[in-house]
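Descriptive structure summary
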Amino acid sequence: MKGGIHLKPALLMVGLYIFFKFGMPLFTAPLPASLIMLYLMLTFSGIMIFMTLSGTSMESFLGPIFRFISGDGQDGTMKMARLAVLALFPLLVGWQTYTSTASSTAPPAENRTVHPAPPGEFAAMSNPVPNTPENVMQGKGLYAAYCSPCHGLFDGKGPASRGFNPPPANFKDPTTIAMLQESYLFWRIKKGGVGLSVEGMPWKSAMPRWEFELKDEQIWKIIMGEYDGAGQKPRTWE
Amino acid sequence: MRNHEALQGQDPGRLNLWGLSVVGLALLAGLLGVPVAGWAEDAASASAAVSYRDIPQLGGSRNIIWVVAQLHLLLAGFVLGVPIFAWLCEIVGWKTGEKRYDKLAKEFTKLLTSSYATTALFGGILLFLLISFYPKLMTYLTDIFFPSFIAYCGLFLLETATLYLYWYGWDVMQEGRAKVFHLFLGFLLNFFAFFIMVIPNSWATFQASPVVIAEGSNVARAWAATWNPTWWPVNIHRLIANVVLGGYICGAYAGVRYLSAKSAEEREHYDWMGYVGNFIGVFGLLPLPFAGYWLMREIYQYNQQMGITLMGGFLSWLFILQAMLIGVLFLGSNYYFWLGITHRIPGAEAKYKKPIMAMLVILLLCLGVWMTPHSLVASLEEARKLGGTHHPLLGVFGVMSAKMTVANLMILVTFMSFIMYWRAGKEETATWAKLARAVMSGVLGVAAIVVIVLGVWGYFVPAIVRINYFSVAQVLIVIFVMLTITPLTALLLRSARTTTEMIWGRMPPRAGYALVLNAVMVILLMTLMGYARSSSRVHWHIYGVMRDNSEYAYSPALGYAAAFMSLNTFLFCMLVAFIFWVATMGDKAKAGHGAMPAMAGGSPELDRSKAH
């Protein structure tokens, strides 16, 4: 019953799984299970779409499967195989249900909001400090003193960074400060992890609150130094 | 015969209006009558300035409004979307002289008339509930929008009158100048409908991005409030979305009728109608992401806080759901096109297998990128290995530059699916056919490459450059592709020889189901975006102006909201099914019984033999 028609799709699914699960970690960070699942689901729906495009391909792809499950005219090994599948499948579902609902010591999967909305009073601010070379230089100096232990050379890899989860932000990554307005950074630096808004739960950020150590003017200078050092530009509207 | 038909159309319409009004009134009476306890309490403490009233026994004011408002909005979207293409179909029928287009337009209009009353009914219920539940807010809004409330009532009268004339005059105004007048009525219908949409949009968008001026006459204040920053973006977005909704629902209607068709003519007709519905849906779907992008941009620029709440904050997960729904919609629409090629055009399967495979792979790759969130759902252990919830390699897929790029590519692929379908079964005979084909593939290839290059480059320029130039350029390129390839293909096909005639009524049942699936996806999408629009105001009735002080001022979690979206989708589908059932009862009686029960591919035997 297993013609070649089932081989390629099956190989594709297995191959992709192996690649995502074991191949990717060889050259980059491993993928979380949720993402692997998503990609495999996409692949599966692609296979189903392609195989059901015409009556012939649908029949040759699904026909044998349906006939196998319906048990028409089977005997011997086929019959046993069918019974085995029919017995194993519910068990598999049961096991899956059990593992996904049983209580365990692991904390639930997180979907932390990386960029929660800033409080209203910060949203409309603009940088009052002129963007001059001296100011940028001063900002970089302050940055080196206060921020680099964690944020490193703007890449989030300072000497102290390894201990933190979530890790200190990597400012060179185009998906962090390049997406944000200066006022947003001002809020994050001034209020730190403890000042995150409600929607930024769970508040477990190690980002310190700098409002007591640094004057507002210094924070604005750091922001300019930070953008300059990371080679990014803040989000603006003009 | 004609009179008979008109009568048939009339009766269900009236019955429908009456039936529903009665049911609606009964419901209202129920709402008011049952929870006596709740009301007695309120009455005791009632003062001149009540801010809120509630019926907690029925799930609370917010949930009731949620359901009623969403249903009203969906119905309204359908009722405003359908006349647009019903009228276009009528024009096509009139210009080309093809009767089937006229018949189709009339069938669309029949669905329209029967849903119109229900839409108004739900609007009425919504209004009563809003006034009852939120007296303070409604007083404030009335104070500002008084002039446009009045204008709205006037428009409603005009629209209703026009609709009556348009529908009941269909058969009488068939020939010559009468037909032209009828077409003019169709135009008026759409004209009024447009304003019926944009006026309430101004109320709703005002709540999200208010413009309040203290001085000036009533009209001046209303005018300023109407022209708030998100008004036009929402108008455009909704206009397009309504066409999409209408198209896909008509497609689903045709799909269901096709599945239950009893005669060959019926199968042919509903197969074709399903095709037109899907085409209209896709046609609207293509520009929709652009309109959505513009809307988001305006929101972000209007208020950074609201923009971040939506795009990076607690609502950002909603856009992953959105990607999933849009993805299914794109896949479903393309699947339907492809099924059309393999089933309606005998012998086309072998020839088109490879291109279809290529398109499918591109679509899936794009979807994979679109659905990859910026910060991933990971268990603690995984997050440790990952060093956070941000993947160093795939994290780049999480931002707008990537999403815009894949959205554009998916639009291109879907457009090419349609072009392929259009050209299938024909042989181009023009002497310049080869050149034209080369130009088309050149344009397409270059466009795809430029879109990707701009997408990647977008990571290395300031946000404003990306938003104002790169994204816009991507959109313009895609539009340019459509505007060059469509007329070229049309020209090519004018002189083409048809090698294989398209045969209608041979689609397998799964095509009908695909149409239904697409409609459900669109409805789910609209309920999702309804939640997004309302929640982005967070704890404000009117953003930054009037706070929500009720006990419902919190934002419901996505899981809870998803349950409501599903409920609303389900209720809407039931409602529409009921309305259509009532509206077409006449046809069925007319068709009579005893016809051959040849349900569309109901037996696999039939399906298989058709496939060759």
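Please refer to the structure higher up on the page.
Notes on the structure in this doc start here. (Residues numbered from 1 in each chain as written. Chains lettered and ligands numbered in written order. Predicted model: local features only at pLDDT ≥ 70, side-chain atom pairs only at ≥ 80, totals over all residues. Heavy atoms only, no water.)

Along the backbone of chain B there are 21 helices and four strands. Within the span of chain B, comprising 612 residues, buried residues form 55% of the whole. Considering only intrachain contacts with a sequence separation of at least 6, the fraction spanning at least 24 residues in chain B is 83%. Counting only carbon and sulfur atoms, one obtains 72% of the accessible surface of chain B, whose full area is about 26,200 Å². (Helix = DSSP H or I, 4+ residues; strand = E, 2+ residues; numbered from the N terminus. Buried < 20%, exposed > 50% of the residue type's maximum accessible area, 1.4 Å probe, protein only. Contact = heavy atoms within 4.5 Å. Areas by Shrake-Rupley, 256 points an atom, 1.4 Å probe, with all protein chains shown as cover.)

Listed as interface residues are 59 residues of chain B and, on the opposing side, 54 residues of chain A. Summed over both sides, the interface between chain B and chain A buries roughly 5,000 Å², with carbon and sulfur atoms accounting for 67% of that surface. Linking chain B to chain A there are zero salt bridges. Of all the elements in the fold, those that place two or more residues in the side of chain B that touches chain A are helix H10 (288–302), helix H11 (304–311), helix H12 (316–344), helix H13 (349–371), helix H14 (380–386) and helix H17 (463–494) of chain B. Here the side of chain B that touches chain A takes nine residues from H13 of chain B, the largest share from any one element. Here the side of chain B that touches chain A is built from residues that sort into 31 nonpolar, 20 polar and eight charged. (Buried area = accessible area lost by both parts, 1.4 Å probe. Salt bridge = Lys/Arg side-chain N within 4 Å of Asp/Glu carboxyl O. Nonpolar A, V, L, I, M, F, W, Y, C, P; charged D, E, K, R; others polar.)

Moving on to helix H6 (residues 133–146) of chain A. The first and last C-alpha atoms of H6 of chain A sit 20 Å apart over 14 residues, in line with the 20 Å expected at 1.5 Å per residue. In this structure, the buried residues of H6 of chain A make contact with helix H7 (148–151) and helix H9 (216–230) of chain A. (Expected span 1.5 Å × (residues − 1).)

Now for the pattern of salt bridges. Close approach of charged atoms lets side chains of opposite charge pair. With the rule as written, the count across this model stands at 16 salt bridges over all chains. With a shortest N-O distance of 3.8 Å, Glu211 of chain A and Arg209 of chain A are connected by a salt bridge. We classify Arg209 of chain A as partly exposed; its relative accessible area is 40%. The partner of Arg423 of chain B in a salt bridge is Glu428 of chain B, and the shortest N-O contact between them spans 3.1 Å. Among the residues examined, Arg423 of chain B registers a relative accessible area of 23% and is labelled partly exposed. Overall, Glu428 of chain B belongs to the buried group, its relative accessible area being 13%.

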